[in-house]
Amino acid sequence: MPNRVVVGTQWGDEGKGKVVDILTEEADIVARYSGGANAGHTVVIDNEKFILHLVPTGILHKNKVCVIGNGMVIDLEHLFSELEELKKREITFQKRLLISPNVHLVMPYHKVLERLEEKARGKQKIGTTGRGIGPAYRDKIARRGIRTIDLLDSQRFEQRVEFNLRIREGLLSLLPEHELISLRHKSLNVLKLRRKVKPLLTDIGLFLHRSIRNGKNVIFEGAQGTLLDIDFGTYPYCTSSSTTVGGVCTGLGISPALVGEVIGVVKAYTTRVGDGPFPTEEKTKVGEILQESGNEFGATTGRPRRCGWLDLVMLKYSFRINGVSKIALTKLDVLDTFDKIKVCVGYRYRGKTSTEFVPDLRTLQNCQPVYKEIPGWQKSTEGITNFKRLPDKAKRYVDFISQKLKTPIFMISTGNKRDQTIRL
Ligand code: GDP
Ligand code: IMO
Ligand code: MG
């Protein structure tokens, strides 16, 4: 099996967790390359539900190695409580969880700064997950971040914490005195976790390179989605990391030549959590049905996800950036009850129709989607595992997507459970 990237092609929550879980069976290593605890990847095995935030999804398969790459940002307290929860469910991580020494830490002050900034933005808030992601990546780029390796030098660690608090004095002065004192304590206390972290630190680039050379194969687990990418997303309504395929190389230290197949995860309709433009959003009964049938509530924050029709203009853009080689289409079953299904094939803006996506706020906020209507199948597809068994109209919907995106379908998901899947 080749190495494979599993990448979100929309605004996240496409069902990457389920796809990674299935493909892990055929791989040796699962490596996450970007994002932090803003991610929420759901896997349902029989009737048991797991939501992974920082730990790579591969951890649910007993003998697979999991990697936290330097492109991520990690909140250590969150990481160890997630591992503790998994342990209670008999999932252990000893000798199979590796962390890059260069991964940046999300510190307690990052979460506080994010809260103060979102408040200051008022109506223009981004609607972040509140996990300290933006401030942590900002410190990385500003070369004042704290990495896991810095935990091994307590003096340097303390100096960096003090420096980071000092340069934020202005903003942090908005906090009551006792909160500021407690924030400083909490931040310095992160050092106490170093004993737990030290045994996990590994040169990830070298490890992956050697493993691949020795015939092992890797799933690169994407987090968020292409339209949340810091460069290619709907800026500033996006996250702060490189969520696209380029992030695999910079987030793990491997060559593009080793990336292999690009599996683009496409939800059969569109959702988005948080603020920002969304051309095909349905603030109607349709949106309500999608939200209810798809159980569209954020896996990290529990917020209701905004819902709308599939947007092929956006997907074409996303497929170009990622070079998607195969499609994993998820949540087809959620469309089962519609008599007509709409798919956006163009944007109409200022009297002109365009089929090229431009991540420009004004265009996206003011354009009218141009829809093609496709007949619905109005039969249950839930749990179908054989393509031939799909209703003809459902096959037509799937084929239409594949043709428009000029990309073959590789997997169709017909329910949230592991086995509710069609492989092609
Ligand atoms: P991720 O962030 O891309 O891993 O996706 P999330 O886990 O945040 O959200 C996807 C949600 O859809 C989860 O609740 C999954 O259990 C669920 N899910 C995944 N595939 C399917 C499917 O084919 N049908 C249905 N009904 N639910 C699905
Ligand atoms: P997974 O991996 C959906 C969104 C937030 C917000 C914006 C910025 O589960 O697909 P951040 O906290 O990253 O600064 O928030 O990005 N967001 C996600 N939306 N799925 C995710 O991850 C997301 N991670 C961040 O809702 O709009
Ligand atoms: Mg999610």
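Residues numbered from 1 in each chain as written. Chains lettered and ligands numbered in written order. Predicted model: local features only at pLDDT ≥ 70, side-chain atom pairs only at ≥ 80, totals over all residues. Heavy atoms only, no water.

Asks: Before we go on, may I ask you to explain the pattern of salt bridges in this structure?
Replies: A side chain of one charge can pair with a side chain of the opposite charge when the charged atoms of the two come close. This structure, assessed with the given rule, holds 26 salt bridges. When the shortest N-O distance is used, the salt bridge between Arg4 and Glu261 registers 2.9 Å. Of this pair, Arg4 sits in strand β1 (residues 4-8) while Glu261 is found in strand β10 (residues 261-267), placing the two residues 257 residues apart along the sequence. Judged by relative accessible area, which is 15%, Glu261 ranks as buried. Of the charged contacts in the structure, one is a salt bridge between Arg305 and Glu296, with a shortest N-O distance of 2.6 Å. Residue Arg305 is classed as buried on the basis of its relative accessible area, which comes to 8%. On the basis of relative accessibility, which here comes to 0%, the residue Glu296 falls in the buried class. (Salt bridge = Lys/Arg side-chain N within 4 Å of Asp/Glu carboxyl O. Helix = DSSP H or I, 4+ residues; strand = E, 2+ residues; numbered from the N terminus. Buried < 20%, exposed > 50% of the residue type's maximum accessible area, 1.4 Å probe, protein only.)

Asks: Where do I start with the site of ligand 2 in this structure?
Replies: Of all residues adjacent to ligand 2, which total 20 residues, the nearest are Lys16, His41, Thr129, Gln224 and Thr239. Between an oxygen atom of ligand 2 and a side-chain N or O atom of Lys16, the distance comes to 2.7 Å. In this structure, Asn38 approaches ligand 2 through a side-chain N or O atom, which is 2.9 Å from an oxygen atom. For ligand 2, the protein covers 98% of the area, taking 550 Å² as the surface of the free molecule. Partitioning the shell around ligand 2 into residue classes produces seven nonpolar, ten polar and three charged. (Near = heavy atom within 4 Å. Polar contact = N/O pair within 3.5 Å; in protein donor to acceptor, adjacent residues only side chain to side chain. Areas by Shrake-Rupley, 256 points an atom, 1.4 Å probe, with all protein chains shown as cover. Nonpolar A, V, L, I, M, F, W, Y, C, P; charged D, E, K, R; others polar.)

Asks: I'm lost on the site of ligand 1 in this one. Help?
Replies: Close to ligand 1 lie 18 residues; Lys16, Gly17, Thr42, Asp333 and Ser413 are nearest. Contact distances for ligand 1 include 2.8 Å between an oxygen atom and a backbone N or O atom of Gly17. Residue Asp333 places a side-chain N or O atom 2.8 Å away from a nitrogen atom belonging to ligand 1. Contact with the protein chains removes 92% of the 580 Å² of surface that ligand 1 exposes when unbound. Secondary structure elements with two or more residues in the shell around ligand 1: α1 (16-24) and β3 (41-45). The element best represented in the shell around ligand 1 is α1, accounting for three residues. When residues of the shell around ligand 1 are sorted by domain, at least three fall in each of domain 1 (4-100 + 201-263) and domain 3 (266-423). (Domains from an automatic or database assignment.)

Asks: Just to check I follow, could you spell out the coordination of the magnesium ion (ligand 3) for this structure?
Replies: Ideal values for angles at a metal depend on the geometry: 109.5 degrees with four tetrahedral donors, 90 or 180 degrees with six octahedral donors. For the magnesium ion (ligand 3), the full set of protein donor atoms is Asp13 (OD) and Gly40 (O), and the range of their distances to it is 2.0 to 2.2 Å. With Asp13 in the loop between β1 and α1 and Gly40 in the loop between β2 (29-32) and β3, this pair connects stretches of sequence that are 27 residues apart. We classify Gly40 as buried; its relative accessible area is 11%. (Donors = N, O, S within 2.8 Å, 3.2 Å for Na, K, Ca; no water.)

Asks: Whenever I open this one, the packing of helix α3 (residues 108-121) against helix α4 (residues 133-141) confuses me. Can you help?
Replies: Helix-helix packing is described using two parameters, namely the angle between the two axes and the distance between the axes. Where α3 contacts α4, the two axes come as close as 7 Å, and the packing angle between them is 115°. Judged on the interaxial angle alone, α4 and α3 are roughly perpendicular. Taken as a pair, α3 and α4 cross one another with a handedness that is right-handed. Counted together, Tyr109, His110, Leu113, Glu114 and Glu117 of α3 and Ile133, Pro135, Ala136, Arg138 and Asp139 of α4 form the full contact between these two elements. Here the residues of the contact of α3 with α4 are counted per class, giving five nonpolar, one polar and four charged. (Axes fitted to C-alpha atoms, helices over the stretch in contact; angles between N-to-C directions. Parallel < 35°, antiparallel > 145°, perpendicular 65-115°, else oblique. Left-handed = near helix turned anticlockwise from the far one by under 90°. Contact = heavy atoms within 4.5 Å.)

Asks: Please clarify how the domain arrangement of the chain should be interpreted in this entry.
Replies: Note on interface size: it is often stated as the accessible area lost on association of the parts. According to the domain assignment, the chain consists of domain 1 (4-100 + 201-263), domain 2 (104-195) and domain 3 (266-423). Once you take the C-alpha centre of each, domain 2 and domain 3 turn out to be 37 Å apart. In this complex, domain 2 contributes six residues to the contact, which on the side of domain 3 involves five residues. By the criterion of area lost to domain 3, the three top residues of domain 2 are Gly127, Thr129 and Arg131, representing 62% of everything that side buries. In this assembly, domain 2 and domain 3 are joined by one salt bridge. With its nearest N and O atoms 3.0 Å apart, the salt bridge here joins Asp275 to Lys125. Remark: the boundary between domain 2 and domain 3 carries four residue pairs in polar contact (both at pLDDT 80 or more). (Buried area = accessible area lost by both parts, 1.4 Å probe.)

Asks: Before we go on, may I ask you to explain the packing of α3 against helix α7 (residues 177-189) in this structure?
Replies: Relative orientation of the contacting elements α3 and α7 amounts to 140°, with a least axis distance of 8 Å. The angle between α3 and α7 falls in the class oblique. Residues Pro108, Tyr109, Val112 and Arg115 of α3 touch α7, and the partners they reach there are Glu179, Leu183, Lys186 and Ser187.

Asks: Whenever I open this one, the packing of aromatic side chains confuses me. Can you help?
Replies: To describe a pair of aromatic rings, one takes the distance between the centres and the angle between the planes. Summed over the entire model, instances satisfying the criterion amount to five aromatic pairs. Taken together, a centroid distance of 4.7 Å and an interplanar angle of 40° make the contact between Tyr317 and Phe357 tilted. With Tyr317 in helix α12 (residues 312-322) and Phe357 in the loop between β16 (352-354) and α13 (361-366), this pair connects stretches of sequence that are 40 residues apart. In terms of burial, Tyr317 and Phe357 fall into one category: buried. Joined through ring pairs, the aromatic side chains of Tyr317, Tyr347 and Phe357 make up one cluster. The ring of Phe50 has Arg89 lying over it, and the distance from NZ or CZ to the ring centre is 3.9 Å. (Phe/Tyr/Trp six-rings, centres within 6.5 Å; stacked < 30°, edge-to-face > 60°. Lys NZ or Arg CZ within 6 Å of the ring centre and 35° of its normal.)

Asks: Sorry if this is basic, but what is going on with the layout of surface pockets here?
Replies: Over the atoms rolls a probe the size of a water molecule, and its path tells where empty space is left. Here the second largest pocket is characterised by a volume of approximately 580 Å³. Taken together, 27 residues line the second largest pocket, and the ones lying closest to its centre are Thr42, Gly294, Arg305, Lys331 and Asn416. Elements represented by at least two residues in the lining of the second largest pocket include exactly α1, β3 and β4 (48-52). Its residues placed into classes, the lining of the second largest pocket shows five nonpolar, twelve polar and ten charged. Two domains each provide a minimum of three residues to the lining of the second largest pocket, namely domain 1 (4-100 + 201-263) and domain 3 (266-423). (1 Å grid on protein atoms, 1.4 Å probe; cavity = no way out; pocket = protein on both sides within 12 Å on 5 of 7 lines; lining within 4 Å. Points joined across faces, edges and corners; volume = space filled by probe spheres on them.)

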